2 protein chains.
Amino acid sequence: MPVGTVATVKGVPQGTLEELGVEILLANTYHLFLRPGTETIRKLGGLHRFMSWERSILTDSGGYQVFSLSDFRKVREEGVEFRSHLDGALHFLGPENATAAQIALGADIIMAFDECTEYPADRDHAAKSMEMTARWAGRCKKYFEEHKQEVPWGSAVGPRSSAVAGLAVANDKRPTTADQLLFGIVQGGMHADLRRESAERTVEIGFPGYAIGGLSVGEPRELTREMVEATLPHLPRDRPRHLMGVGTPEEIVEYTARGVDMMDCVLPTRAARHGLLYTSEGKLAIKNARFAQDEGPLDPRCGCRVCARYSRAYLRHLYSSGETLAAVLNTIHNLAFYLDTMRQVRQSIKLGDLEGFLSGVRSRSLNSSAQGEDPA
Amino acid sequence: MPVGTVATVKGVPQGTLEELGVEILLANTYHLFLRPGTETIRKLGGLHRFMSWERSILTDSGGYQVFSLSDFRKVREEGVEFRSHLDGALHFLGPENATAAQIALGADIIMAFDECTEYPADRDHAAKSMEMTARWAGRCKKYFEEHKQEVPWGSAVGPRSSAVAGLAVANDKRPTTADQLLFGIVQGGMHADLRRESAERTVEIGFPGYAIGGLSVGEPRELTREMVEATLPHLPRDRPRHLMGVGTPEEIVEYTARGVDMMDCVLPTRAARHGLLYTSEGKLAIKNARFAQDEGPLDPRCGCRVCARYSRAYLRHLYSSGETLAAVLNTIHNLAFYLDTMRQVRQSIKLGDLEGFLSGVRSRSLNSSAQGEDPA
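As the structure is a prediction and not an experimental result, all values here were calculated from the model.

**Side note on unusual backbone geometry**
All names here are of chain A.
Here's step 1: For the bond from Val246 to Gly247, the omega torsion is 10°, close enough to zero to count as cis.
Here's step 2: Note that Gly247 resides in the loop between strand S9 (241–244) and helix H11 (249–258).
Here's step 3: A positive phi angle, near 55°, is found at Ser52, a position not held by glycine.
Here's step 4: With respect to the helices and strands, Ser52 occurs in the loop between helix H4 (47–51) and strand S2 (56–60).

See the structure below:
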């Protein structure tokens with residue numbers, strides 16, 4: 001799912017996201033809590049109405065942002081006191097008010113408030129942190145159960161909930177349509193036994209879906225993969241399993257093959273703004289002088305509106321000139337590439353040949369690396 | 001016509017411009033001459049193909065930009081030596097190579113290279129400057145006649161030339177479809193007699209259309225209007241008359257009523273990027289706190305895709321958060337407003353009631369000023 005941090009996928013109008021086939025967006029509770037304020041969005045009917053997006057939305061809890069964006073933070077059993085990255089003002093987020101904020105935003109899927117364990121962290125620290133995340137998960141669920149009817153959209157659920165309804169059907173437990181879904185989050189640092197314990201404790205509390213958090217925080221990729229593999233077997237196969245903050249096109253295919261159902265990442269959109277474009281021939285930096293007179297499309301195998309219309313020479317010109325349209329078009333292409341990748345994954349699962357597809361992606365990734373185009 | 005300085009209307013994909021009904025864009029020879037270079041664009045088949053825009057394009061000659069953007073410039077009879085605003089490199093533009101550059105770009109309408117007289121300028125200086133512009137106009141026409149077959153698109157003229165073909169029909173002189181149209185430019189500072197002389201000398205050289213340049217350079221608006229009125233009667237009514245760099249929605253209506261056929265201005269796009277939005281109720285600054293919880297559309301009488309989908313509260317949030325989508329959506333709306341204004345002008349001309357329409361615009365403008373919303 002594309003990331004729309006402050007209720008916008010940077011530079012891309014909602015209608016274009018719909019045309020691209022985006023079914024669900026991630027928005028950040030931390031950012032919206034600070035500006036324009038979750039109560040403001042509640043008054044305006046919730047996030048879907050505020051940003052004019054009828055399809056699904058997932059909000060993270062703010063836990064990750066508090067830990068990565070705030071200069072100052074003080075973690076206590078009640079929650080976290082932190083300073084805003086915008087103006088330094090003091091704020092507090094804990095399990096109850098982070099859940100309240102997400103009910104106010106009214107996303108279809110919301111996340112338990114967790115402590116994102118920093119990397120590296122010794123076993124003792126990671127264990128204490130994981131245990132607090134587990135206690136917070138219990139408090140989030142309790143608050144959610146008591147307040148979930150306070151969503152701003154009440155019973156007026158529109159077509160946006162279709163994806164969530166799909167999940168609910170897969171779960172064989174159809175919620176009342178006015179329900180949001182609260183997912184639990186697994187932590188545990190880079191310790192396989194703590195990951196397992198975290199998964200088991202979170203499942204014991206019981207959620208309609210589970211997220212794996214605290215990865216892609218600076219650790220080597222091999223370690224990320226190990227932690228995902230150490231966690232997945234302990235999360236129920238019949239519940240959606242969301243891997244947070246991952247990853248490259250190759251990685252999202254790899255993790256899907258291992259059983260991950262959902263992922264979000266800023267990579268396609270952020271890389272696009274830096275002129276880094278994902279194509280069927282590997283990653284390319286559009287600022288490269290060799291594209292200055294290249295009349296070909298960004299990716300000859302891509303059918304997106306950018307590849308259908310513009311040349312590499314023009315896209316390079318826009319990027320080199322610092323033009324806003326560079327960010328807009330590059331983002332549209334990268335999202336198209338990611339969404340196409342996942343469509344192919346789903347298709348190969350239907351055809352029973354995910355392994356075949358995976359081999360293709362792996363050899364493409366090797367070729368791309370051999371050409372000096374780091375796929376990351 | 002919207003301004004697409006470096007072959008892009010900032011932030012707006014070409015497909016969106018088409019949907020808005022944009023029939024012609026202005027691009028800047030000066031900017032494209034410096035980057036990516038007019039020869040690069042010639043090799044890529046010309047500006048239409050480079051930017052994937054099949055409708056009409058007008059390029060200005062670079063005269064205005066050389067005078068307004070360059071820190072250093074040395075004007076001689078041959079032309080102007082100047083330093084690039086990008087890297088300080090020394091360049092030269094004169095009647096011949098400015099025309100060559102515009103033939104290389106291959107726009108449908110190109111402009112003679114002129115000297116934009118600064119404001120204020122005494123009569124003597126303005127006269128000398130105007131006379132040089134007239135001599136340069138002769139050299140531009142000579143160069144153009146000798147080299148006009150060198151356009152990069154050769155005989156492969158696509159649907160983009162329909163608007164120009166329309167002009168040619170209006171002129172009762174259908175050019176070969178491979179021809180660009182070179183317009184002459186009237187200068188003369190703020191001196192009515194020099195404006196008249198400039199118009200007469202330019203008409204004597206003979207062009208298929210005429211532009212009024214050197215206005216909106218810092219003079220009071222009343223003076224702009226006087227100069228336009230002093231010039232128009234001396235330009236043939238059966239040739240398109242283009243007023244360069246003007247203006248507000250009210251001004252474009254006023255000047256149309258006085259006989260101006262074409263105008264270009266950065267105002268709708270630049271103002272949009274600064275959160276200043278033109279509406280049927282006057283101009284508004286979207287950052288204003290009173291819009292923070294305003295669920296209404298930007299302009300209840302506008303049918304553009306922005307007004308159809310998003311609330312003022314959301315647009316304010318995007319702008320306040322410094323989001324790229326603010327510039328994109330605001331620009332789409334302002335262009336829609338300008339294009340609608342001109343559609344209404346054309347319709348009222350057809351109905352024989354331009355005066356009635358004009359009165360409406362004037363009283364709206366007065367109301368808007370009375371509310372403290374400066375229409376500029």
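**So, the relation of the copies chain A and chain B**
Here's step 1: Note on the identical chains: chain A maps onto chain B by a rotation of 180° and an axial translation of 0.0 Å, with an RMSD of 0.0 Å. Here the symmetry operator amounts to a two-fold rotation axis.

**Structural notes on the side chain of A:Glu219**
Residues and elements named next belong to chain A.
Here's step 1: As for its position among the elements, Glu219 is in the loop between strand S8 (210–212) and helix H10 (221–231).
Here's step 2: Here Ser216 takes part through its backbone nitrogen, which lies 2.7 Å from a polar atom of the side chain of Glu219.
Here's step 3: In this structure the side chain of Glu219 is engaged in a polar contact, spanning 2.8 Å, whose partner is the backbone nitrogen of Val217.
Here's step 4: In this structure, Glu219 is in contact with Tyr119, Met190 and Thr224, ignoring residues within four places of it in sequence.

**Some points on the interface of chain A and chain B**
Here's step 1: In this assembly, 38 residues from chain A lie in contact with 38 residues from chain B.
Here's step 2: Counting each side, the surface lost to burial between chain A and chain B is near 3,300 Å², with a carbon and sulfur contribution of 51%.
Here's step 3: On the chain A side of the interface with chain B, the three residues burying the most area are A:Arg309, A:Tyr314 and A:His317, jointly 18% of the side's total.
Here's step 4: Between chain A and chain B we count six salt bridges in total.
Here's step 5: A:Glu18 is the partner of B:Arg309 in a salt bridge, and the nearest nitrogen-oxygen pair spans 2.5 Å.
Here's step 6: Run the count over chain A and chain B and you get 20 residue pairs in polar contact (both at pLDDT 80 or more).
Here's step 7: Residue assignment for the side of chain A that touches chain B shows that the elements contributing at least two residues are helix H1 (14–20), helix H3 (38–43), H4, helix H14 (312–320) and helix H15 (324–350) of chain A.
Here's step 8: Tallying contributions element by element places H14(A) first for the side of chain A that touches chain B, with five residues.

Analysis parameters
Residues numbered from 1 in each chain as written. Chains lettered and ligands numbered in written order. Predicted model: local features only at pLDDT ≥ 70, side-chain atom pairs only at ≥ 80, totals over all residues. Heavy atoms only, no water. Helix = DSSP H or I, 4+ residues; strand = E, 2+ residues; numbered from the N terminus. Least-squares fit on C-alpha atoms with pLDDT ≥ 70 in both. Polar contact = N/O pair within 3.5 Å; in protein donor to acceptor, adjacent residues only side chain to side chain. Contact = heavy atoms within 4.5 Å. Buried area = accessible area lost by both parts, 1.4 Å probe. Salt bridge = Lys/Arg side-chain N within 4 Å of Asp/Glu carboxyl O.

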